[in-house]
Amino acid sequence: TQGPVPLLPPSRARAAPSGALCAVTRAWDAPRAQGSGTWVSAALVVVGDVVEPIPRPPLPAAPRALPLRLVARRGRLCAQASKAVREAAALRAREPWSRLLATMATVWEALFALDLLAAVALWIWLGQWAESPQDRAARLAAIASSPQGGAPPAARLQRYTSDGESDSSVEAARAARSSRGGAPSVRAPRKHSVADKLGSMRVNPFVNDTPRLGRYERLKCAIMGVTVAPIRALLVVLLLATAGVASTVLLIGVPKPKGGESKPLPRWRSRLLSAAIATCGRGILFVAGYYWIKTEGALAPAEEAPIIVPNHLSFIEPVYMVAVCGAGAVSRKENASLPLVGASMRAVQCIFVDRRDKQSRSATAAEIARRAAPGSGFPRLVLFPEGTVTNGRAVISFKAGAFGPGRPVQPVAVRFPFRHFDPSYVTAAPGGLALLCRLLCQFVNHMEVSFLPVYRPSAAERADAKLYARNVQKIIARKLDVPVTDHSFDDVQLQLRAQRVGRDPSKAVVEFNKLRKVLDVDRETAEELLAKFMELDDAGSGSVDYKHFRKVMGTEDSEHAGRLFELLDVDDSGDLNFREYLIALSLINADSPEGRRHALRLAFHMISEDGRITQEQLFAILVRAMPDTDRETAAQLFAAADKDKSGFIEVDEFCEWALQYDDKLPLFRQAYFGGMVTPKSVTPAAAAGGAAAAGGAAAGEAGGPA
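About the cut-offs
Residues numbered from 1 in each chain as written. Predicted model: local features only at pLDDT ≥ 70, side-chain atom pairs only at ≥ 80, totals over all residues. Heavy atoms only, no water. Pairing = 2+ DSSP bridges. Helix = DSSP H or I, 4+ residues; strand = E, 2+ residues; numbered from the N terminus. Contact = heavy atoms within 4.5 Å. Axes fitted to C-alpha atoms, helices over the stretch in contact; angles between N-to-C directions. Core = buried A, V, L, I, M, F, W, Y, C linked by side-chain atoms within 4.5 Å. Buried < 20%, exposed > 50% of the residue type's maximum accessible area, 1.4 Å probe, protein only. Salt bridge = Lys/Arg side-chain N within 4 Å of Asp/Glu carboxyl O. Parallel < 35°, antiparallel > 145°, perpendicular 65-115°, else oblique. Left-handed = near helix turned anticlockwise from the far one by under 90°. Nonpolar A, V, L, I, M, F, W, Y, C, P; charged D, E, K, R; others polar. Expected span 1.5 Å × (residues − 1).

**Student:** Quick rundown of the sheet that holds strand β6 (residues 409-415)? Include the residues and the values.
**Tutor:** Spatial ordering of the open sheet is given by β1-β7-β6-β2-β5, a layout of five strands whose pairing is mixed. Strands at the two margins of the open sheet, each flanked by one partner only, are β1 (293-296) and β5 (381-382). Pairing geometry for strand β2 (residues 307-310) and β5, over two bridges, is parallel. Pairing of isoleucine 307 across the sheet is with leucine 381, part of β5. Seen against the sheet, helix α17 (residues 465-480) touches β1, β2, β6 and β7 (447-451) and runs at an angle of roughly 35 degrees to β6.

Set out below in structure tokens:
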């Protein structure tokens, strides 16, 4: 009779602890739910939380008390209704339906008791997101300090624009950094050196995003770990054994491949094996908590798309691809002899690779092309072109193996929505056994699979497998609404190197393919620099401060050292992470012409404050590298470098001029970068050249006496 009570404005419906909370609170006050709304709605909240996992921000304290306030109001209404019904039943005691009225009153009272229990449970459950007094004070202070009434301050918005940061915010940050022993407050030019153009990583795809274990998750794991999880594990083993036994029986009489080349199985045998593997595989997924797998699109016939290319997140989607799609894969030769699993892998006709064989890569590529050929008779192949697992926050670089044959492929986008547990099996994650235990302790797990339209390559893509791979990578990333990055398996190797010495592997990710395209760096060099970086990072924080940076350079605190630190500290954190450290040393020790040009640009902006060099500054540069340089030689060199006769040397003129004296560059490297120069960059011939040769060459170029 009083109508619905507005609890949350529509604009905050998705910010509530569950997407269904607003609908639930409306149901609480609906007239048709007078007796049963609270406990049914509480069940809907829990089900909605399981079925619809969404990110939750901190919840203000007020909505947490809603269930108790509502149930108190509902209790008064229920008591009034129950009293009225019992009075009506007493007045109509002789009527046949009076007992029905009494029963109805009893039911209402019982439902109110359930209401009370559900409200208390919901109050406790909502406590996970209750805003602490400290968080509330910080939030109110941020709102009060915002000139837009709740929007971020303008200085903070400017800080993340592509054009640069506001002077006031940066200078304040640098002043604070200087007060705690950081780099000097030197205003360095931004977005000019290749270090700035490479930027910082937008996302780290090799970190498991499982939230911190809260009270709810601990309680759930404790209960499920001793009740449901052991039963699930036993059923998984039984299903694996069933698939292995069925595959072994159905493979009786199949000759072993001779000469390393297998033949397709007969159709009847292949169908029986596919049915057995599909039944057991889907059963394993169901037992593991994947009751409903949301699919979009349809699997194309093998004749249209003989190769499936999904993104790779965990050990779950290979089971799905083999079971549901009936596809074979590429695996190590040792896996063929594994108990339970090996027979099933042979049943789906996987391609086994011998990693000890130097010719295995080319042999595998030839086998993929043979099976993908029209009329081969083999089942379709599923190839994970990323070459490793990620957390799904990005689609990393694709290898060209699946695209070498030039045949049409079907891209597949896979995601695992979660709230409490991230099943991605990345390097910076719990071990495989711990990951499996957490997986089996979840009430329900979610998986979404999108079969995208078949991609048919153009003539250019058939000729260039890397171009073909990049285009398919972008299609999958667009479907998942995540960025495309240049991470690769080399990043995983760096993570493993850090993990072996007990360091955080997530700090060793550098987006290696992106750096390799620009810098002269290979994985072996990166691993050596990682070892040196970890020696400097004695605290194990994953970063090096300005004090340790000066130690690397081997120089005292100076304006040039501070400006170089500012140039390399792309994210303005006050420290250098391993990626910034690797970029710095790769730039300074570059050997290729393009790499040396990048190093010269970095040196120019380190030396110049306003983007240009005067004749006096050039003289100081030459004297620092070659002390016997005189002013006449410096004037001749300046005249040769100042092509437009503007009286200043700009960055492009500086690079073109410096590259003419290639044999003298090691001297300048040693003078300005000190200990950051590797021994191979300073050759004896360059060190013995001196200033005379440089001055003579400059004088000859300028037309004066050599």
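After that view, the rundown keeps rolling.
**Student:** Lay out the nonpolar core in plain terms, naming residues and giving numbers.
**Tutor:** Within the largest apolar cluster, 67 residues are counted, with the highest numbers of intra-cluster contacts made by Phe549, Leu564, Phe578, Trp657 and Met676. Looking at this core, the element that brings in the most residues is helix α23 (residues 578-588), giving eight residues. Residues in contact with phenylalanine 578, not counting those within four places in the same chain, are Leu494, Lys507, Ala508, Val510, Ala526, Leu529, Leu530, Phe533 and Gly542. Formed by 33 residues, the second largest nonpolar core is a distinct cluster that contains Ala288, Ile293, Cys325 and Leu439.

**Student:** Outline helix α27 (residues 651-658), supporting the account with residue identities and numerical values.
**Tutor:** Most of α27 sits inside the fold, with six of its eight residues counted as buried. Taken together, the buried positions of α27 are Val651, Glu653, Phe654, Cys655, Trp657 and Ala658.

**Student:** I'd love a proper account of the environment of alanine 105, names of residues and values included.
**Tutor:** Along the chain, alanine 105 turns up in helix α4 (residues 98-126). Note on alanine 105: relative accessible area 0%, which makes it buried. For the pair formed by alanine 105 and alanine 79, sequence separation is 26 residues and the distance between their alpha carbons is 9.1 Å. Aside from chain neighbours lying at most four places away, what touches alanine 105 is Ser82, Val85 and Arg86.

**Student:** Outline the side chain of glutamine 349, supporting the account with residue identities and numerical values.
**Tutor:** Looking at where glutamine 349 falls in the secondary structure, it is placed in the loop between α13 (341-347) and β4 (351-353). Residue glutamine 349 is classed as buried on the basis of its relative accessible area of 8%.

**Student:** An account of the pattern of salt bridges is needed here, citing residue identities and associated values.
**Tutor:** Within this structure, the stated rule accounts for 18 salt bridges. With its nearest N and O atoms 3.4 Å apart, the salt bridge here joins arginine 415 to glutamate 448. One end of the pair, arginine 415, is in strand β6; the other, glutamate 448, is in strand β7, and 33 residues separate them in sequence. Note on glutamate 448: relative accessible area 22%, which makes it partly exposed. It is possible to trace a salt-bridge network through shared partners that takes in Asp490, Arg497, Arg516, Arg523 and Glu527.

**Student:** Kindly report on the packing of helix α22 (residues 559-568) against helix α24 (residues 593-607), identifying the contributing residues and their values.
**Tutor:** It is the contact of α22 with α24, at a shortest axis distance of 8 Å, that shows an interaxial angle of 125 degrees. Between α22 and α24, the crossing angle belongs to the class labelled oblique. For the pair α22 and α24, the sense of crossing is right-handed. Facing α22, whose interface residues are His560, Arg563, Leu564, Leu567 and Leu568, α24 presents Leu602, His605, Met606 and Ile607. Among the residues making up the contact of α22 with α24, the classes are represented as six nonpolar, two polar and one charged.

**Student:** Summarise helix α9 (residues 215-226); cite the residues concerned and give the values.
**Tutor:** One turn of an α-helix holds 3.6 residues; hence residues three or four places apart share an orientation. Compared with the 16 Å implied by 1.5 Å per residue over 12 residues, the 17 Å span of α9 between its first and last C-alpha is a close match. Residues of α9 that are buried sit in contact with α10 (228-250) and α15 (432-440).

**Student:** So what's going on with unusual backbone geometry? Which residues, and what values?
**Tutor:** Residues other than glycine seldom take positive phi values, yet glutamine 349 does so here, at roughly 60 degrees. The backbone of glutamate 511 sits at a positive phi, close to 55 degrees, despite the residue not being glycine. As for its placement among the helices and strands, glutamate 511 is situated in the loop between α18 (489-500) and α19 (512-518). Residue class for glutamate 511 comes out buried when judged on its relative accessible area of 6%.

**Student:** A description of the pairing of β6 should follow, citing residues and the corresponding values.
**Tutor:** Among the seven residues of β6, six are classified as buried, and the element is accordingly described as predominantly covered. Across four bridges, the pairing between β6 and β7 is antiparallel. Within β7, the residue paired with alanine 413 across the bridge is serine 450.

**Student:** So what about the environment of valine 287? Which residues, and what values?
**Tutor:** Its place among the elements puts valine 287 in helix α11 (residues 267-287). Here the alpha-carbon distance between valine 287 and leucine 239, two residues 48 residues apart in the chain, equals 9.6 Å. Valine 287 has contacts with Arg232, Leu235, Val236 and Leu239, leaving out every residue within four places of it along the chain.

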